[in-house]
Amino acid sequence: MSSNNNLYRSKKSRMLSGVCGGIGQKIGIDPTIIRLVWVVLSFFTAIFPGIILYIIFAIVIPEEPDYYDV
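Only a predicted model underlies this, so the values are computations on that prediction, with no experimental measurement involved.

Caption draft 1: Geometry of unusual backbone geometry. The phi dihedral of alanine 46 falls on the positive side, at around 65°, and the residue is not glycine. Within the secondary structure, alanine 46 sits in the loop between helix 2 (31–44) and helix 3 (48–60). At isoleucine 47, a position not held by glycine, the phi torsion is positive, near 65°. Considering the arrangement of structural elements, one finds isoleucine 47 in the loop between helix 2 and helix 3. Of the residues examined, isoleucine 47 reaches a relative accessible area of 41% and is grouped as partly exposed.

Shown next, in the form of structure tokens:
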């Protein structure tokens, strides 16, 4: 885990915009688990809130800078 406390959208482990990958990197969990939890929660909330929340996160969370891995 990195010493940086900021949340970024991942450039390495992204499927769509890197939101789940960034959350997974931030909390130290495999991004695939985050994606599965997101899909299950979205399914049980009639899908629409999960999609809207993902879009909001994709807009609000900044993309990981190039110097982040240094």
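Caption draft 2: Here's a closer look at the packing of helix 1 (residues 19–27) against helix 2. Helix 2 packs onto helix 1 with a crossing angle of 125° between their chain directions and a minimal axis gap of 8 Å. When the interaxial angle is binned, helix 1 and helix 2 end up oblique. The hand of the helix 1/helix 2 crossing is right-handed. The residues of helix 2 that touch helix 1, namely those facing Cys20, Gly21, Ile23, Gly24 and Ile27, are Pro31, Ile34, Arg35 and Trp38. Class assignment for the residues of the contact of helix 1 with helix 2 results in six nonpolar, two polar and one charged.

Cut-offs used in this document
Residues numbered from 1 in each chain as written. Predicted model: local features only at pLDDT ≥ 70, side-chain atom pairs only at ≥ 80, totals over all residues. Heavy atoms only, no water. Helix = DSSP H or I, 4+ residues; strand = E, 2+ residues; numbered from the N terminus. Buried < 20%, exposed > 50% of the residue type's maximum accessible area, 1.4 Å probe, protein only. Axes fitted to C-alpha atoms, helices over the stretch in contact; angles between N-to-C directions. Parallel < 35°, antiparallel > 145°, perpendicular 65-115°, else oblique. Left-handed = near helix turned anticlockwise from the far one by under 90°. Contact = heavy atoms within 4.5 Å. Nonpolar A, V, L, I, M, F, W, Y, C, P; charged D, E, K, R; others polar.

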